Amino acid sequence: MRSFIFLLCFGCLLSCNVEYLDTTKIKNEIEAHKIKKVSESEVLVALNDRGKSVETLFLKLDCTKRNAQLDSLSAIEGVEVEKVFPATYVALNDKEKEVIEALAYSAEQNETFNATPQKLSETEYAYYFSSDNTQCSDSTASDHFFWRVLFQKEILVNSIR
């Protein structure tokens, strides 16, 4: 009896124009929303990698292209890129205030600093890097600045495969 029902159902599928759904998109969405267990060091590696790619891109571009790139990077949800003038910058929290003060001191001493990835809070991470302050600036030479790329943790975690 079972085989008869199976053949009947199978025959109906062949004779009825049944369309099959492509579930690839749904599968990808489910995969994107899966809970991932990542370590803090993996998040920091992702921060460093993503920050370095922004830094490399910025340093290769001339001033007008940097501004256009800044606009396109700002369109990415969870990523914020901005030029930081330490004298007028309002830090997100005490941790960032300490980082900004240290980087500002290096800039005032005309010391170059290595790119600085930092965890600012449980949900925000920042990557700071310097560039040639004499280019791309209408400010005076005493107005030292550097770049900050702020990432939401969710963006970094999703970038880890």
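Residues numbered from 1 in each chain as written. Predicted model: local features only at pLDDT ≥ 70, side-chain atom pairs only at ≥ 80, totals over all residues. Heavy atoms only, no water.

Structural notes on the pattern of salt bridges
- This structure, assessed with the given rule, holds 5 salt bridges.
- Salt-bridge contacts for R148 lead to E82; the nearest nitrogen and oxygen are separated by 2.6 Å. Placement of R148 in strand β4 (residues 146-152) and of E82 in strand β1 (residues 79-84) is noted, with a sequence separation of 66 residues between them.
- For E122, the salt bridge is made with K119, and the minimal N-O distance between the two is 3.3 Å.
- Taking the relative accessible area as the measure of exposure, E122 reaches 55% and is therefore exposed.
- On the accessibility criterion, K119 (28% relative accessible area) is partly exposed.
- One continuous salt-bridge network, built from bridges that share partners, spans E80, E82, E96 and R148. (Salt bridge = Lys/Arg side-chain N within 4 Å of Asp/Glu carboxyl O. Helix = DSSP H or I, 4+ residues; strand = E, 2+ residues; numbered from the N terminus. Buried < 20%, exposed > 50% of the residue type's maximum accessible area, 1.4 Å probe, protein only.)

Some thoughts on the nonpolar core
- Counting 19 residues, the largest nonpolar core has F58, V81, F129, W147, V149, F151 and L156 as the members making the most contacts within it.
- Of all the secondary structure elements, the ones that give two or more residues to this core are α3 (40-60), α4 (63-74), β1, β3 (124-129), β4 and α6 (153-159).
- With residues up to four places along the chain from it excluded, the contact list for L156 reads V43, A46, L47, R50, Y125 and F151.
- One finds Y89, I100, L103 and A126 within the second-largest nonpolar core, a separate group that totals 11 residues. (Core = buried A, V, L, I, M, F, W, Y, C linked by side-chain atoms within 4.5 Å. Contact = heavy atoms within 4.5 Å.)

As for the side chain of E55
- Inspection of the secondary structure assignment puts E55 in helix α3.
- With no salt bridge to any partner, buried E55 finds its closest opposite charge in K52, at an N-O distance of 5.3 Å.
- A distance of 2.7 Å separates the side chain of E55 from the side chain of Y127, its partner in a polar contact.
- If near-sequence neighbours (up to four positions away) are discounted, E55 is found in contact with A115, Y127 and F129. (Lys, Arg positive; Asp, Glu negative; His and termini not counted. Polar contact = N/O pair within 3.5 Å; in protein donor to acceptor, adjacent residues only side chain to side chain.)

Here's the deal with α3
- With 21 residues, α3 should reach 30 Å at 1.5 Å per residue; the first-to-last C-alpha distance of 30 Å fits that figure.
- Among all positions of α3, only V43, A46, L47, G51, V54, E55 and F58 are buried. Looking straight down α3, one finds its buried side chains confined to an arc of 165°; they lie on one side. (Expected span 1.5 Å × (residues − 1). Arc of directions from axis to C-beta.)

Structural notes on the sheet that holds β1
- Spatial ordering of the open sheet is given by β1-β4-β3-β2, a layout of 4 strands whose pairing is antiparallel. What marks the edges here is a single partner per strand, and that holds for β1 and β2 (116-119). With strand direction ignored, the average angle separating the axes of adjacent strands in the sheet is 20°.
- The strands touched by α3 are β1, β2, β3 and β4; relative to β3, the strand with the most contacts, the crossing angle is about 40°. (Pairing = 2+ DSSP bridges. Axes fitted to C-alpha atoms, helices over the stretch in contact; angles between N-to-C directions.)

What about the side chain of E124?
- Assignment of secondary structure puts E124 in strand β3.
- A polar atom in the side chain of E124 sits 3.4 Å from the side chain of Q152.
- Not counting chain neighbours up to four residues away, the residues in contact with E124 comprise L92, K119, L150, F151 and Q152.

So far we have only geometry, and geometry alone does not tell us how the molecule works.
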